[in-house]
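Summary of the model geometry
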Amino acid sequence: MLQYLFISILTCLCVILAVAYFTMLERKVLSYCQNRKGPNKVGFAGIGQPLVDAFKLFVKEKVMPYGSNYYMFVFAPLLSLLLAFALWHLYPSVYTYKYVSWGVLLFFCVTALNVYGTMLAGWASNSKYAFLGALRAAAQTISYEVSMLLLLLFAAFLLVTCSWDEAVANGFPIVLLMVPLCLIWFTSTVAETNRAPFDFAEGESELVSGFNVEFSGGLFAMIFLAEYASIMFMSMATSVWFFSSSIMNPISLTLETLVVAIMFLMVRGAYPRYRYDLLMMLCWKSFLPFSLCGLFLVLLMGFHF
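Looking at an unreviewed UniProt entry, the protein chain carries the name NADH-ubiquinone oxidoreductase chain 1, with the source organism given as Tritonia tetraquetra. Among the UniProt annotations of the protein chain, the heading Sequence similarities (unreviewed entry) holds the following wording: "Belongs to the complex I subunit 1 family." Per UniProt, the protein chain has the following entry under Catalytic activity (unreviewed entry): "a ubiquinone + NADH + 5 H(+)(in) = a ubiquinol + NAD(+) + 4 H(+)(out)".

**Structural notes on the nonpolar core**
Judged by nonpolar contacts, the single largest core of 78 residues is most densely connected at Phe 107, Trp 164, Phe 233, Val 240, Trp 241 and Phe 242. Residue contributions to this core peak at 16 residues, all from helix α8 (residues 217-243). Contacts of Phe 242, omitting those with residues within four sequence positions, involve Leu 151, Ala 155, Pro 173, Ile 174, Val 175, Leu 181, Cys 182, Trp 185 and Ala 237.

**Notes on the side chain of Ser 125**
Topologically, Ser 125 is positioned in the loop between α4 (103-124) and α5 (128-159). For Ser 125, a relative accessible area of 1% puts it in the buried group. Of note is the side chain of Ser 125, whose polar atom sits 2.6 Å from the backbone oxygen of Ala 121.

**Observations concerning the environment of Leu 25**
Residue position: Leu 25 is located in helix α1 (residues 2-33). The class for Leu 25 is partly exposed, based on a relative accessible area of 25%. When the C-alpha atoms of Leu 25 and Pro 50 are compared, they prove to be 9.8 Å apart, with 25 residues separating the residues in sequence. The contacts of Leu 25, once residues within four sequence positions are left out, are Leu 258, Ile 262 and Leu 265.

Thresholds, definitions, all that
Residues numbered from 1 in each chain as written. Predicted model: local features only at pLDDT ≥ 70, side-chain atom pairs only at ≥ 80, totals over all residues. Heavy atoms only, no water. UniProt positions renumbered as here; feature names shortened; annotations may be inferred. Core = buried A, V, L, I, M, F, W, Y, C linked by side-chain atoms within 4.5 Å. Buried < 20%, exposed > 50% of the residue type's maximum accessible area, 1.4 Å probe, protein only. Helix = DSSP H or I, 4+ residues; strand = E, 2+ residues; numbered from the N terminus. Contact = heavy atoms within 4.5 Å. Polar contact = N/O pair within 3.5 Å; in protein donor to acceptor, adjacent residues only side chain to side chain.

In structure tokens, the structure reads:
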């Protein structure tokens, strides 16, 4: 039991460290997209910048908005962070201490709970801006979650498994079979994680920073960690289900995950923010019918054979 607890804590610490340096990678990628240097002062080539930023956030004064719900205000970032860490225990590895045979269903359950952290954060802040940002983020997350899960079922039925470990072991790159479906999956994950150009939880002209506008210091850092941990997990999920790296070759899985994660950053640097009504129409009138047709096609193939 102590061994399992140690491995869980070590996994969470590795995710935190990866998120810290992923933020530095994002700042570097965006800076070179905009023809500037990015962080390069703290340590060698700015290597200490993420640690300094984390220290600054956690030592800042905790400010509670007047009239806010104290317990929910503190619980919402913690819930988001715990759910992000829970997802990372599905990571396929030969060194894992558990085997989850229905990992896809567990992924569905955990991702469905993410919206509660966002809604609680917006409601507990006692701010109209935060509440409106939370409503927009919740509607977007729920909408794109439907098409995203249908696309994941497409991959699971094609690989004839619901286990993340077996999906990697099967080693069939679905991206070669249906490139448009993989592009729709990537777009859905970008929208699911509220990333640019679909970051409608924010809005400089009307909502400032959206549902997290009243958070600062350590509570904001937890929301930040949860968001970036989810981005990295979605990159890993793309690599597992659509590129199918070999579980015996963790370097290949890591490199593919890094490539997909950099695509998240390049999209942010290249495209302006979408319009909200067009975003919802894209989901319900384009992505959802396509996802249903793809899943229906796989089911027909299964019944035929």
